[in-house]
Amino acid sequence: MKSGGRRKDAAVGDHLTAHVHALAALEHALAHSPGELRALLENVQQALQEAMDERQLALRRYAALFDAVPDPVSILSESGVVLDLNKAGVRAYGRPREEIVGQPIELLNPDLPGDHLDPVWEALHRGETYVIEVTNMRGDGSRFPVEVHSAGFEHQGEHCIVAVARDLSSRWQAESRYRLLMESIDKGVILFDRQLRVVSANPAAHRILGTAGNGGSLQAMLAPEDWISVDEHGHPLTREQWPASVSLQSGRIVRSTIVGLYHRPRGRMIWISTTNVPVYGNGRDAPDHVFALFSDITELKRNNTLFDRAQSLAHIGGWEWDRGLQRLYLTDEATRILGQALPMRDMAELLECLRLDDRSQLQQALLDVIDKQVSFELELQGQRSDGHSFWVRMIGEAEAGDVDAARIAGTVQDITARKQAEETLRIQARTDPLTGIMNRDAVLNDLATRMANPTHCRVAVLYIDLDRFKIVNDLLGHNAGDELLIDATRRIATAIGTEGLLARFGGDEFLVVCDTRDQADQPEQLAEAITRAFSTPFRFGADEFPVTTSIGIARAPQDGLRPQQLIQNADIAMYDCKRRSRNGWQVFSPELAQRQHDRLQIESRLHRALDDDEFHLVYQPQVNLHSGQLIAAEALIRWRNTQLGELRPDIFIGHAENTGDIVRIGLWVLREACQQVRRWQDDGLGIVRVAVNVSYRQFVGEDLARHVRAVLDEFHLPGSALELEFTERVLIEDAPDTLRTFARLREMGVLLTIDDFGEGYSALNYLRRLPIHGLKLSQLFVEGVPGNRSDVAVCEAVCGIARSLGLGLVAEGIESEAQRQFLQTLGVSVGQGFLFAPGLAPDEFARRLALRARVAVGSAQQ
């Protein structure tokens, strides 16, 4: 079977060898050919060389993409011979690649039957993906479960299979642990369906209900006619009153219900305490199953009176102190609650096990009963003989008519669990559940305490925001984001040591509060330490992500006399640091506050700008880089405000997106641009395609496709007259309706383009999935060509992506002839920028359209 792999390699080698021989032959012919033939042969030689270079580049791309897949991927021939294997497969199977390639797939999975490929090819011929769970074998003979997804493709006229194997070891282990838990716990667990038929039950359920060891069916055992059910008071229960039925009908958990079950055929009575939990299927609004968890309390019911049972279930015991005999009497439950090794026979022994302060409280309460004939109710803390603490509610009073209070009696209730829950809630109320540090409310309270006396307050706040956190969270998911936050907390805590108080303020934002009385530059030193702590990238598997911090510093009392004011000013400083450079810190100053004020001024005026008719559009031509002919336009918004003057989009669009005003503004731009296209057409200038920028918020917040359809219909325009440009953030947001919106827009004939491609971090997978038409090469990279090698590399990569995916490409920001020529050599056919024209008023753009039309008529007449 190895010969199949060798034939494939030999074929590739033969192709390359043939090309090399052809080049050598051309070299020889060039040396002995006359002038005209020589020129022709030189052209042939160049074309052949370019073909060889393109083939080698394609092979390198294939190898890079193939080896980037984290799961094992195998390429199989039609007969099941391994033709290729990626690096993940080499690692997973623990064998050198050369030992696998050329071998039958049975080498990796010796348990496969001889006809295992038949169902695979049947599924592939139907256009389906074939999925199967099998066990693969490593080079050392060990086995591991995998889920294999197989798809078919054709290579050089031969049918091949690409098989991706996902390791299921972790899932199998989790299922095994679940089964072990169900089999080992002492509580009975039964899963019922909506008809209360038994789906599954654990061994404890069989034991409690009496089916263990006799081979009986639990479903048969639970036949309704064989059982009488009663509540804890002995009242009969109907089938609808069963806790499981109530849980199914209400969709809620029914907790700790005592039920008596009498089995007629065996004449056996058992008592259980059961909790019932409804189970919802995917996408259902009503439960379709219910878990019944129950314990056998038959012995408890048998051995105690109803009052004793109630006391035991409520963890309540009784006590009596006979002052005359100096004797203390405790019930069994009271003895268990107090947990002393030796029986307590006097009140002094009970007092001895209490905390000192609580001891004094109880002594005083007993004296008040004796002297004033009043009862008492106290919550006391003590210690059991095993060293564990307990909390009890102790109630006491003298018997009616006992004027000397010779006998004082009452109850003692174990409230340890409640007190522990209260303490847990108190801690949770102050603690961030993910990172374990203080939360927002806790740090605000602590800061308010420190700042209670402004005269003596010398405290500073460091407002910390993680740079690029959203990228990790969006690309790798929320679990990776949580891991990053936990690691970031550890780094900050290590950096500040005991010199500051750390809290998570929300999302990826942290606060550090530090004292500045003894060291005025303490905040700056802590900021430097935190910055250094983030110099090492965060690792997720084999990938590294550089996540840094932007830190703002504000001091009290000069920067604020209240916690919220101090934090707000630190936030302003942090925002300025993030805007300027990131990965550093900035101290608050009044100038920063003024800039913040200016930003608020922009946002407040921006909210009214549309209603006050302050926006207008200009149109920047898009031209053919080869001929210079105007072929389309991009609509660019401008804002002219009476107080602020004329502002470019880069000043106010970000504010509009933050406030949400971008949705209304975007719809206005869409309608205004389409109306202008209609005017140009009515003026006899033809239909000009106009590109309009669309914010990601218009995808997630509005029915964009519906608005586009309405505007096109209003002005009687075809969809081809409109091009929508959106940033890569639309891809990252991945709203549920995004794909559907793209499909509906494309059905209208609207062109879809990714603007500023390369600046964001979208996955190439989205380019393959989304029905887009083109990419727009960012001005950020165009401005550096052809002199900047990095910008040249990015432009070449983007052009290669567009070409390989069959997408159009437009370059923006072209300002020099050198840039135009370079982009043209890359195959970019359309561009815009100041080299051709800035944004033009509609009349000026119309004049150029008319000039284009006259030139076209003159050329046609010639």
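This structure is a prediction, so every number in the text was calculated from the model and none was measured.

> Break down the nonpolar core for me, citing the residues and quoting the values.
In terms of nonpolar packing, the biggest core is built from 76 residues, with Val 708 and Leu 724 touching the most fellow members. In contact with Leu 724, not counting residues within four places along its chain, are Leu 670, Val 692, Val 694, Leu 704, Val 708, Leu 745, Val 750, Leu 751, Leu 752 and Thr 753.

> Report on the sheet that holds strand E16 (residues 407–414), specifying residues and quantitative values.
Strand pairing in a sheet relies on backbone hydrogen bonds, with the paired strands running either antiparallel or parallel. The strand order across the open sheet built from five strands is E13-E12-E16-E15-E14, with neighbouring strands paired in antiparallel fashion. A strand with exactly one partner marks an edge of an open sheet, and here the two such strands are strand E13 (327–330) and strand E14 (376–383). Averaged over all pairs of adjacent strands, the angle between strand axes in this sheet comes to 25 degrees, irrespective of strand direction. Taken together, the eight bridges between E14 and strand E15 (residues 389–398) define a ladder with antiparallel strand orientation. Residue Gly 382 lies in a different strand from E15, and its bridge partner there is Phe 390. Relative to the sheet, helix H14 (residues 356–372) contacts strand E12 (316–322), E14, E15 and E16, its axis offset from that of E14 by approximately 150 degrees. The sheet contacts of helix H15 (residues 416–430) involve E14, E15 and E16, and relative to E15 the element is tilted by about 125 degrees.

> Which residues make up the packing of helix H17 (residues 469–476) against helix H18 (residues 478–496), and what are the values?
For the pair H17 and H18, the least separation of the axes is 6 Å and the interaxial angle reads 145 degrees. Contacts between H17 and H18 pair Phe 469, Val 472, Asn 473 and Leu 476 from the former with His 478, Ala 480, Gly 481, Leu 484 and Leu 485 from the latter. Grouping the amino acids of the contact of H17 with H18 by side-chain chemistry returns six nonpolar, three polar and no charged.

> Can you tell me about the sheet that holds strand E1 (residues 73–76), naming the residues and giving the values?
Strand order in the open sheet made by the five strands is E2-E1-E5-E4-E3, with antiparallel pairing throughout. Whereas interior strands pair on both sides, the edge strands pair on one side only; in this sheet they are strand E2 (82–85) and strand E3 (130–137). Averaged over all pairs of adjacent strands, the angle between strand axes in this sheet comes to 30 degrees, irrespective of strand direction. Two strands pair when backbone bridges link them, and E1 and strand E5 (residues 158–167) are joined in this way by four bridges, in the antiparallel orientation. Residue pairing for E5: Ser 74 is matched across the bridge by Ala 163. On top of the sheet, helix H5 (residues 117–125) reaches E3, strand E4 (143–155) and E5; it is set at about 105 degrees to E5, its chief contact.

> I'd like a description of the pairing of strand E30 (residues 774–777), backed by residues and values.
Put simply, side chains in a regular strand alternate between the two faces of the sheet. Of the two faces of E30, the one lined by Gly 774 and Lys 776 and the one lined by Leu 775 and Leu 777 are each fully buried. Note: strand E29 (residues 751–757) against E30, three bridges, orientation parallel. Pairing of Phe 757 across the sheet is with Leu 777, part of E30. Of the pairings in the sheet, the one linking E30 to strand E31 (residues 808–811) comprises four bridges and is parallel in character.

> Just give me the short version of the confidence of the model for the chain, but keep the residues and values in it.
Low pLDDT marks stretches whose predicted atomic positions should not be read closely. Looking at the chain as a whole, the pLDDT averages 83, with 84% of positions reaching at least 70. Across residues 1–13, where pLDDT falls below 50, the model places eight contacts with residues more than four positions away in sequence or in other chains.

> Before we move on, can you summarise a nonpolar patch on the surface with the specific residues and values?
A cluster of nonpolar side chains, Ile 228, Tyr 262 and Met 269, forms an exposed patch at the surface whose accessible area comes to about 220 Å². Positionally, Met 269 belongs in strand E10 (residues 268–279).

> So what about the pattern of salt bridges? Which residues, and what values?
Within the structure shown, the criterion is met by 41 salt bridges. Here Glu 646 makes a salt bridge to Arg 640, at a shortest N to O gap of 3.1 Å. The shortest N-O distance in the salt bridge between Asp 682 and Arg 678 comes to 3.1 Å. Pair noted here: Asp 682 and Arg 678 are both in helix H23 (residues 662–682), with a separation of four residues, about one helical turn. The network of salt bridges with shared partners includes Glu 377, Glu 379, Arg 393, Arg 418, Lys 419 and Glu 422.

About the cut-offs
Residues numbered from 1 in each chain as written. Predicted model: local features only at pLDDT ≥ 70, side-chain atom pairs only at ≥ 80, totals over all residues. Heavy atoms only, no water. Core = buried A, V, L, I, M, F, W, Y, C linked by side-chain atoms within 4.5 Å. Buried < 20%, exposed > 50% of the residue type's maximum accessible area, 1.4 Å probe, protein only. Contact = heavy atoms within 4.5 Å. Pairing = 2+ DSSP bridges. Helix = DSSP H or I, 4+ residues; strand = E, 2+ residues; numbered from the N terminus. Axes fitted to C-alpha atoms, helices over the stretch in contact; angles between N-to-C directions. Nonpolar A, V, L, I, M, F, W, Y, C, P; charged D, E, K, R; others polar. pLDDT = per-residue confidence, 0-100. Patch = residues over 30% accessible without salt bridge, like charges linked within 9 Å, V, L, I, M, F, W, Y side chains within 5 Å. Areas by Shrake-Rupley, 256 points an atom, 1.4 Å probe, with all protein chains shown as cover. Salt bridge = Lys/Arg side-chain N within 4 Å of Asp/Glu carboxyl O.

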